[in-house]
Every structure is written in structure tokens, then in C-alpha cells.
Amino acid sequence: MKAIFYKEWLKVRWYFILAIATSLGFSIFSILRINRVIELKGAGHIWEVMIQRDVIFIDLMQFVPIIMGICMAIVQFAPEMYHKSLKLTLHLPYSALKMTFVMLFSGFLLLLGTFFINMIVMNGYLSIVLAPELKWQILNTATVWYLAGIASYFLIAWIVFEPAWKRRLLNIGITLLLLKIFFMSDMPQAYNSFLPYLAIGSILIASLSWLSILRFKAGKQD
Amino acid sequence: MTYFSKILLYLIIGFLAMWQLPWCYNFLAVEGSKSGFTLYSSILDDFVFIKHSDAGAVRKSLSGKEFTQNQFDSILPTFYLRQLVTDGRFPDTIKGIPVEPKMVQQENFNYRCVPSDINRPKIGLYSLLESMSKRVDLVMPDDVFRLTDSRIEFIDMKSNSINENKSQIFTAEMKKKGLVFPVKTLSGNPTTRKEYDEGYVMLDANNNVFHVKMTVGRPFVRSVKSPKDVTLKHLFITEFRNRKTLALITDTENKLYVLSPNYKITKVDIPSYDPKLNYITIMGNMFDWTIRITSKTEDNYYAIDNNTYQRIKEHKNKLSSNGIPTLSFTSSLDKFVKPRF
């Protein structure tokens, strides 16, 4: 299992560093934006705008996690599928099911790590300048975007593992509709009561990849 | 695992079909109902309305009489005030009462509240303006307040720290006047784009209403005597230009009340208004209020005397919809995202 983790790490290490740098760049840029407004108009302006106009000041980051999730799945699995080397991996003397989920779990952990670093950086700065209510308003809203990132990773992996294009198109349609659920409202904290179910759903859809792997193993072309 | 994955996939497909297929049908097949503009005319003692069609605008009263545009202005003199003044047609008296345009303007107000104003995520931080500022314009404060289970806390926005002194003074005054924490709900209108500030109306843990504002930096707290056998539920501060009302209130039976500046609560003679489910529009003038209450199935109008709050007339409409029920994640009634039918 350690060897599989290491293999996955070798595949995505450069992308992982790029993803951390990019997402941190967006987080730090959002923080600088807030800081600039505070310097120009005072902290009161940020508070008032957040309370009265539902502004969260990190909207630039809205699609960053989902793009990161999509890219992670493509970088991790597309070359292996293209070179057909996944077939060799699945023929190793190790359960194909475990192999698949360890591969997915390693990508999931790396994504989670990236998001966690982002959250820590934002939480550190926002705790200084905003009341806890306003800080959680921002972080809660961002959590939905990060969940979309995790869901997109598992869904794109499901698409990439799928051997037949016809079925792949169906998977893409389902993926688009499922990902739309994460972006139904710009209202901060609108997802609060739905968030635990979204989190569970985002994890459960990892199991869809197993269906594609089974079809891939069986050599399905339709 | 294979079975689990298959079942999950079928569930997802079923879930998406329940969401998207009825939505597509409703999007393509359902026509929106066109409701014209309706107002009570105290001149005619009847509701009058404008309906727009391909042939143009039709102006009629409920009794069927048709009006020209000029006639329509004249039967709604408080609403078409500016047009009548511009044309030099503004009357000296309305219903036998001498009127001036400024006086009418002072008494006119529009109020609107939609369910999503209430059914929405709340931050729990509020601004309390100085209501007796020596300046002409209102000014936003440097702090905000939150209500905890046991007190009111003012937080200085610049330093992001609690102003203990102010918090203690306000908490002590609120408790002294009988307010029991935690506050269940409150309503205020913290903006500088208004003529005066009345602070907040609050419903305490014992369902009693309190008026809380800041005057010359000090707390102003008044207790309001609730009507007997009534449990108040929702509060809406009004701050209308005429200063004749302080707030609108509803109770657990969905009855509507007016809280006047002398802290008297008077019931408004309308059957029912549930702020969580109904849209309300009130167009008031110096004689009456036209209250429109819209639900999914009804669009009702009530003309109410603006002194006694008794019903003068009513006009009820049934609304029909040929849409089919659909799974959806958002609703016009709230600002939450969650699956619902």
C-alpha cells in the first residue's frame, strides 16, 4: 500500500506543488484585497458590506478548488489510461478494488491537504480583522467550493477510468449536473443545513470509479 | 462494492431525473400569471387596476367602469401626486379634507416584505445607529452588536474587540426594563438612507416586545405591553416618513398588528399573514392602506382604514398553476440551498 501511495505521489508531485502555489496565491491575493480595502476605507467598511450586502471578498476563489480537483484527477489518471499502464497496475498481485481506492485516496488526501493549507492561511488572517461570525461566513461559504473540488476529483476520475466514449459522455452529463448543485447560490451560508449531506455525497461518489474500473478490466467498448 | 456502486449510480440518475425532467417541463410549458397593478381608491371606494395587454393598458375599477389615464390619475390622487401637481390638477381637498402636496407626500409609504427576507442565513451582527445625532444626516457607528444568551455585546470594528463598558451599560438597562435574554428575534433598519432612526424592536425570551435604541450614546429601552392571550412571533420595524407606526408584528396565529410610537399594539383587520410563506406589500396614504398578501394559491387585496386598521374592502383572487411538482434545490420562499419538493 505504501508503494502505491509512493507511485501516486511520484505521478502528481509537481502538480501538487503547483496546486498549492496557485491556491495559496489566490488565498493571499484575496487577503491582500481585504487588507487594501481596510487601509483605504477602514475595517468598518468591510464589516458593514459583509453584514448588509452579503459580500464575502473571496469570490475570486470560487472555481479554484473545482479546477484543482479536475486537474488532479486528469494529471493522476489520464496518462496511465492513455498509455494503458493501468492494465498492468490492476494485474499486480493485489486486490484491484483496494488498488483503485488507495489510488483515489492518495489523490483525495493531497487535495484535502491543499484545501487545509488554504483554510489555515485564511483563518489566520481573518481571525485578526473580523468577528468570528464574519470569519465563519467566509469559511463556511468556501467549504462548499472545497467540497465541489473533492466531488469533481472523484467524478473526473470516474470519467477518466471509463473505457468507452459513449458511456463517458453520459458520465460527463451526470458530472455536470452534480457539480451544478455546488453552485446554486451566491448567498453566504446558504448551504449550511445541506453541507453534511453534500460532504457525505462527495465522498460516496468515489465508489463510482469502481464501475468504470470493472468495465475497463472487462475491455468494454460500448 | 460493485452492488453498492451500481445502486448509488441508479440513485444519482433517479435523483437527477426528478430534478431536471420536471424542471424542463415547467420551464417550457408553464406560463407565468400576469397580475396587474391594483390599488384601493378612496375616491371611488373600490379597487382599481391597470392591466397591460397587446392592445395597451386597460384601467378599470372592480365594478367594471373603465377610465382614461387622466381619470385614473384623479381617482388615485395620493398615488399620482407628482403627475397631478405637474399638470396643475392636484385637488385642494380629498374626501373633504384640505390637502397640500407636501402633506400627502409625507403620509405616503410603501412597504414590502418577502418570505426570503426572513428565511435566510443570518450573521447575528447588527449596527445600532445614534438616533439623536446632532448632525442632519445619520451616521453608521464604529461598532456592531451581537446578542448572546445573557447579554448584548458591542464589538469595536477597528480593533475587533468587545467594548465591555458599552456592553455592560446596555445589558444593565435592558435587564432593568424587564428584557429577558436570550432575545428570540429582532428587527431594525441599520442604514443612513432614511430620515430618522428607531433602533430595534426585540422579542425577548418571554415573548415580550422591547424597543431598544441609542440616544446620545445612552441606551433607550421601552417595554411594550402585549395583547392578552397573544404570542407574538415576528417583528418588522417600519420607520415610515409619517412616524405613525413603529413596527408591524405578527403572532403565532398569523394575525397582523401595528405597534404605534406610543407603544400600543392594534390588530389589523386582515384574515391571515404568515411572513414565512406570504409576500406582503402595503401602499399607504393619509386615508387608507392597500395591503396585498400573496401566497402560492391566492393573491388578496385588503383596503384598511389607516386610523382604526379596520377593513374597508377586500378583493380576493385565486391563483392557479399548471406546473408539476419538482425536486429543486432553491426556492423563492427562502435563500437556502437544500433538496425539497
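Residue indices follow the written sequence of each chain, beginning from 1 at its first position. Labels follow written order: the first chain is A, the first ligand is 1, and so on. Residues qualify for local features only when their pLDDT is at least 70, as the model is predicted, and side-chain atom pairs are given and counted only at 80 or more; totals for whole chains, interfaces and linings, by contrast, use all residues. Think of the side-chain values as coming from all heavy atoms in the structure, minus any hydrogens and water.

(A) Region of interest: the overall build of chain B. Per the convention used, a helix needs a DSSP run of H or I reaching at least four residues, while a strand needs a run of E reaching at least two, with both numbered from the N terminus. From N to C terminus, chain B includes six helices and 22 strands. Dimensions of chain B, computed from the C-alpha atoms along their principal axes, are close to 75 × 65 × 40 Å. When each of the 341 residues of chain B is scored for burial, the buried share is 47%. Should any heavy atoms of two residues lie within 4.5 Å, those residues are considered in contact. When contacts within chain B are restricted to residue pairs at least 6 apart in sequence, long-range pairs at least 24 apart make up 45% of them. Summing over all exposed atoms, chain B offers an accessible surface of approximately 18100 Å²; the carbon and sulfur share of this is 51%. Exposure categories follow from relative accessible area, calculated using a 1.4 Å probe and restricted to protein chains: below 20% of the type maximum is buried, above 50% is exposed, and the middle band is partly exposed. Only the protein chains shown count as cover for residues, and the accessible areas themselves come from Shrake-Rupley with a 1.4 Å probe.

(B) The arrangement of helix α2 (residues 43-53) of chain A in detail. For α2(A), the set of buried residues is A:Ala43, A:Gly44, A:Ile46, A:Trp47, A:Val49, A:Met50 and A:Ile51. Contacts made by the buried residues of α2(A) are with α1 (2-41), α5 (96-129) and α6 (132-161) of chain A together with β8 (143-147) and β9 (152-156) of chain B. Phi for A:Asp54, located one or two positions after α2(A), is positive at around 55°.

(C) Structural detail: the sheet that holds strand β17 (residues 256-259) of chain B. All names here are of chain B. We call two strands paired when DSSP finds no fewer than two bridges between them. The sheet built from four strands is open, its strands ordered β15-β16-β17-β18 with antiparallel pairing. On the outer flanks of this sheet lie β15 (232-237) and β18 (265-267), each paired with one strand and no other. The mean angle between the axes of side-by-side strands here comes to 30°, regardless of whether they run parallel or antiparallel. Examined bridge by bridge, strand β16 (residues 247-251) and β17 share four bridges and lie antiparallel to one another. Looking at β17, one finds that Ile249 is bridged to Tyr257. Here the axes come from fitting lines to C-alpha atoms, over the contacting stretch only for helices, and the angles between their N-to-C directions go from 0 to 180 degrees.

(D) Region of interest: the packing of helix α3 (residues 64-82) of chain A against α6(A). All names here are of chain A. One way to put it is that α3 packs onto α6 with a least axis distance of 7 Å and a crossing angle of 25°. The angle between α3 and α6 places the two elements in the roughly parallel class. Both α3 and α6 take part in a crossing whose hand is right-handed. The segment α3 lies against α6, with Pro65, Ile66, Gly69, Ile70, Met72, Ala73, Ile74, Gln76, Phe77, Ala78 and Met81 engaging Trp145, Tyr146, Ala148, Gly149, Ser152, Tyr153, Ile156, Ala157, Val160 and Phe161. Its residues placed into classes, the contact of α3 with α6 shows 17 nonpolar, four polar and no charged. Roughly parallel covers angles under 35 degrees, roughly antiparallel covers those over 145, roughly perpendicular covers 65 to 115, and oblique covers all other angles. The crossing is said to be left-handed when, going from far helix to near helix, the turn is anticlockwise and less than a right angle, and right-handed when the turn is clockwise. Here the nonpolar group is Ala, Val, Leu, Ile, Met, Phe, Trp, Tyr, Cys and Pro; Asp, Glu, Lys and Arg are the charged ones; every other residue, Gly included, is treated as polar.

(E) Structural detail: the pairing of strand β22 (residues 311-318) of chain B. Two elements, strand β21 (residues 298-305) of chain B and β22(B), share seven bridges in a ladder whose sense is antiparallel. If you follow B:Tyr301 over to β22(B), its bridge partner there is B:His315.

(F) Structural detail: the nonpolar core. Grouped together as the largest cluster of nonpolar side chains are 95 residues, with contacts concentrated most on A:Trp47, A:Met122, A:Leu130, A:Tyr153, A:Phe161 and A:Leu208. Tallying contributions element by element places α6(A) first for this core, with 20 residues. Setting aside residues no more than four positions away along its own chain, A:Leu130 makes contact with A:Ile46, A:Trp47, A:Met50, A:Lys135, A:Ile138 and B:Asn160. Grouped together as the second largest cluster of nonpolar side chains are 20 residues, B:Cys113, B:Phe240, B:Ile293 and B:Tyr309 included. We call a set of buried residues a nonpolar core when its members are Ala, Val, Leu, Ile, Met, Phe, Trp, Tyr or Cys and they connect through side-chain atoms within 4.5 Å of each other.

(G) Region of the structure containing the sheet that holds strand β14 (residues 218-224) of chain B. All names here are of chain B. The strand order β11-β12-β13-β14 describes an open sheet built from four strands, whose pairing is antiparallel. Every other strand in the sheet has two partners, leaving β11 (185-188) and β14 as the edge strands with one partner each. Between one strand axis and the next, the sheet turns by 20° as a mean value, whatever way the strands run. Here strand β13 (residues 209-215) runs beside β14; their pairing, made up of seven bridges, is antiparallel. Its bridge partner being in β14, Val209 is matched across the sheet by Val224. On the sheet, helix α6 (residues 164-176) packs against β12 (200-203), β13 and β14 and is oriented at approximately 25° with respect to β14.

(H) Up close: α1(A). In this analysis the local bend is the angle between axes fitted, respectively, to the seven residues ending at and the seven residues starting at the residue. The largest bend in α1(A) comes to about 60°, at A:Val12. Two residues or fewer after α1(A) comes A:Gly42, characterised by a positive phi angle close to 90°.

(I) Representation of the interface of chain A and chain B. The interface of chain A with chain B comprises 42 residues on the first partner and 35 residues on the second. Counting each side, the surface lost to burial between chain A and chain B is near 3200 Å², with a carbon and sulfur contribution of 73%. We count a salt bridge whenever a side-chain nitrogen from Lys or Arg sits within 4 Å of a carboxyl oxygen from Asp or Glu. Remark: the boundary between chain A and chain B carries two salt bridges. Residues B:Arg146 and A:Glu133 are paired through a salt bridge, measuring 2.4 Å at the closest nitrogen-oxygen approach. Where the side of chain A that touches chain B is concerned, the elements lending two or more residues are α2, α5, α6, α7 (165-180) and α9 (208-217) of chain A. Buried area, as used here, totals the accessible surface that two parts lose on assembly, with accessibility defined by a 1.4 Å probe and the loss added over both.

(J) Geometry of the pattern of salt bridges. Under the counting rule described, the total for this entry stands at 25 salt bridges over all chains. Its salt-bridge partner being B:Lys177, residue B:Glu173 comes within 3.0 Å of it at the nearest N-O pair. Accessibility expressed as a relative area gives 18% for B:Glu173, which makes it buried. The exposure class assigned to B:Lys177 is partly exposed, which follows from its relative accessible area of 31%. Taken together, the salt bridges that share partners define one network made up of A:Glu133, B:Arg146, B:Arg151, B:Glu153 and B:Glu164.

(K) Fine view of the packing of α6(A) against α7(A). Residue and element names in this part refer to chain A. Running from N to C, α6 and α7 point in directions that differ by 175°, and their axes come no closer than 9 Å. Between α6 and α7, the angle is such that the two are roughly antiparallel. Residue-level inspection shows Ala148, Ala151, Ser152, Leu155, Ile156, Trp158, Ile159 and Val160 of α6 in contact with α7, the latter providing Arg168, Asn171, Ile172, Ile174, Thr175, Leu178 and Leu179. Grouping the amino acids of the contact of α6 with α7 by side-chain chemistry returns eleven nonpolar, three polar and one charged.

Honestly, it's all geometry; don't read function into it.
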